[in-house]
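# Examination of the molecular architecture
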Amino acid sequence: MSEEIFSFQVGDFECKAISDGTFVYTDHSFFVSAPKKRMEQVLRKHDIQSGEITTPWTCLFIDTGKNRVLVDTGAGAGTVPSAGKLLQRLQNEGIKAEDIDTVILTHGHPDHIGGNTDAAGKPAFPNARYVMWKDEWEFWMSGPDLAQLDIAEEIKQFLLMSARKNLPPIKDRLYLIDRETELMPGIKLIPAPGHTPGHMALAIYSSGERLFHISDTVLYPIHLEQPDWYPGFDLMHEQAMVTKRKILDRAAAEESMVFAFHFPSPGLGHVIEKGKGWEWQPI
Ligand SMILES: [Zn+2]
């Protein structure tokens, strides 16, 4: 299985999970609420001994037959050495930036909006409308200070810089959502606040098949088996916990295929209930 691009179908929809690259996080930033000893035990069980967690950043391309949709734009070229490869990989698949008519931004973090603009600061997908939750747009436009995030100061500055660079240029082609919405036949946008104020999930369905895109509702499979552990990136962590339970219970009940932006490539699998939490079953 290619770590870079994985093609699959959801009913009649042609989908591609495209890795924008990878990023290395500290274990603390992923599990700020975990008791240290217990965290070390669990990480060892998952063969992670370095204190570092590497995750891919995986964007989703959907060709519905009528629309060509991109969910999240990655880091953008030249921002992070290990990522920013989305556009090139789309091109390698014969998909040009001009072909995309809809860009859905699950939330305003740099790994999801960094590819919104090109080197000249213009929208990188010139024929697309950009879709975002209204609360999310307003949050980043309000000049937030991110003081409540339990992450390094330089990461906070990176988040703010990326929002300032990648959001204003799409203002004229923005389509803001403020309730659960069927954006087009087979693509429904679902509120999933907590990670950020207007973080969203997507239900994608065609010809009896279904994919549930949960984006950053959880960042790593360990967040399923340890339901009380949350990342320092969750802005409203109590709300994020409520959302997590709602979204993962729904994924388990519907037996949907699930796509998670940061999970090991290609980020596809199933969620089943287990103990106090859930278990990730990668495809
Ligand atoms: Zn993310």
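Residues numbered from 1 in each chain as written. Predicted model: local features only at pLDDT ≥ 70, side-chain atom pairs only at ≥ 80, totals over all residues. Heavy atoms only, no water.

### Overview of the overall build of the chain
Counting secondary structure elements, the chain contains eight helices and 14 strands. Computed over the C-alpha atoms, the radius of gyration of the chain is 18 Å, within 12% of the 19 Å expected from 2.2 N^0.38 for a compact globule of 283 residues. For the chain, the spread of C-alpha atoms along the principal axes amounts to about 50 × 45 × 35 Å. Relative to its full complement of 283 residues, the chain shows a buried share of 57%. About 12300 Å² of surface is accessible on the chain, with carbon and sulfur atoms providing 49% of the total. Between the averaged position of the 28 positive side-chain charges in the chain and that of its 39 negative side-chain charges there is a distance of 1 Å. (Helix = DSSP H or I, 4+ residues; strand = E, 2+ residues; numbered from the N terminus. Rg over C-alpha atoms; globule rule 2.2 N^0.38 Å. Buried < 20%, exposed > 50% of the residue type's maximum accessible area, 1.4 Å probe, protein only. Areas by Shrake-Rupley, 256 points an atom, 1.4 Å probe, with all protein chains shown as cover. Lys, Arg positive; Asp, Glu negative; His and termini not counted. Charge placed at Lys NZ, Arg CZ, Asp CG, Glu CD.)

### Digging into the pairing of strand β6 (residues 129-133)
Burial within β6 is extensive, with four of its five residues counted as buried. Pairing between β6 and strand β7 (residues 174-177): four bridges, direction parallel. Note that in β7 the partner of M132 across the bridge is L176. (Pairing = 2+ DSSP bridges.)

### Comments concerning the coordination of the zinc ion
Those protein atoms acting as donors to the zinc ion are D111 (OD), H112 (NE2), D216 (OD) and H262 (NE2), and they sit at 2.1 to 2.3 Å. Metal-centred angles of 85 to 170° between the four donor atoms at the zinc ion mark the site as irregular. Linear spacing of the donor residues for the zinc ion on their chain is D-H-x103-D-x45-H. Of this pair, H112 sits in helix α4 (residues 110-113) while H262 sits in the loop between β12 (257-260) and β13 (268-274), and the two are 150 residues apart along the sequence. Here H112 matches H262 in class, with each residue buried. (Donors = N, O, S within 2.8 Å, 3.2 Å for Na, K, Ca; no water. Tetrahedral: all angles 85-135°; square planar, octahedral: opposite > 155°, others 65-115°.)

### Points about helix α2 (residues 36-45)
Taken together, the buried positions of α2 are occupied by M39, V42 and L43. Each buried residue of α2 lies within a common arc of 100° when the element is viewed along its axis, so the set occupies one face. Pointing more than 90 degrees away from the buried face of α2 are the exposed residues K37 and K45. Looking at the buried positions of α2, the neighbouring elements they touch are α1 (27-30), β3 (52-63) and α7 (222-225). Of the residues one or two after α2, D47 is the one with positive phi, at around 60°. (Arc of directions from axis to C-beta. Contact = heavy atoms within 4.5 Å.)

### A short note on the packing of aromatic side chains
The geometry of an aromatic ring pair comes down to the distance between the two centres and the angle between the two planes. Per the counting criterion, the structure on display carries 10 aromatic pairs. Taken together, a centroid distance of 5.9 Å and an interplanar angle of 25° make the contact between F6 and F8 stacked. The exposure classification of F6 matches that of F8, with both residues buried. Three or more aromatic residues link up through ring pairs in this structure, and these residues are F23, Y25, F30, F31, W57, Y220, W229 and F233. For the cation-ring pair, R129 lies above Y175, with the distance from its terminal atom to the ring centre recorded as 4.8 Å. (Phe/Tyr/Trp six-rings, centres within 6.5 Å; stacked < 30°, edge-to-face > 60°. Lys NZ or Arg CZ within 6 Å of the ring centre and 35° of its normal.)

### Looking at the sheet that holds strand β14 (residues 277-282)
Sheet architecture is open: seven strands sit in the order β8-β9-β10-β11-β12-β13-β14, paired in mixed fashion. The sheet is open, and its two borders are formed by β8 (181-184) and β14, each paired with just one other strand. Adjacent strand axes in the sheet meet at a mean angle of 35°, parallel and antiparallel pairs treated alike. In terms of strand pairing, β8 meets strand β9 (residues 187-191) through three bridges, oriented antiparallel. Along β9, the bridge assignment pairs T181 with L189. (Axes fitted to C-alpha atoms, helices over the stretch in contact; angles between N-to-C directions.)

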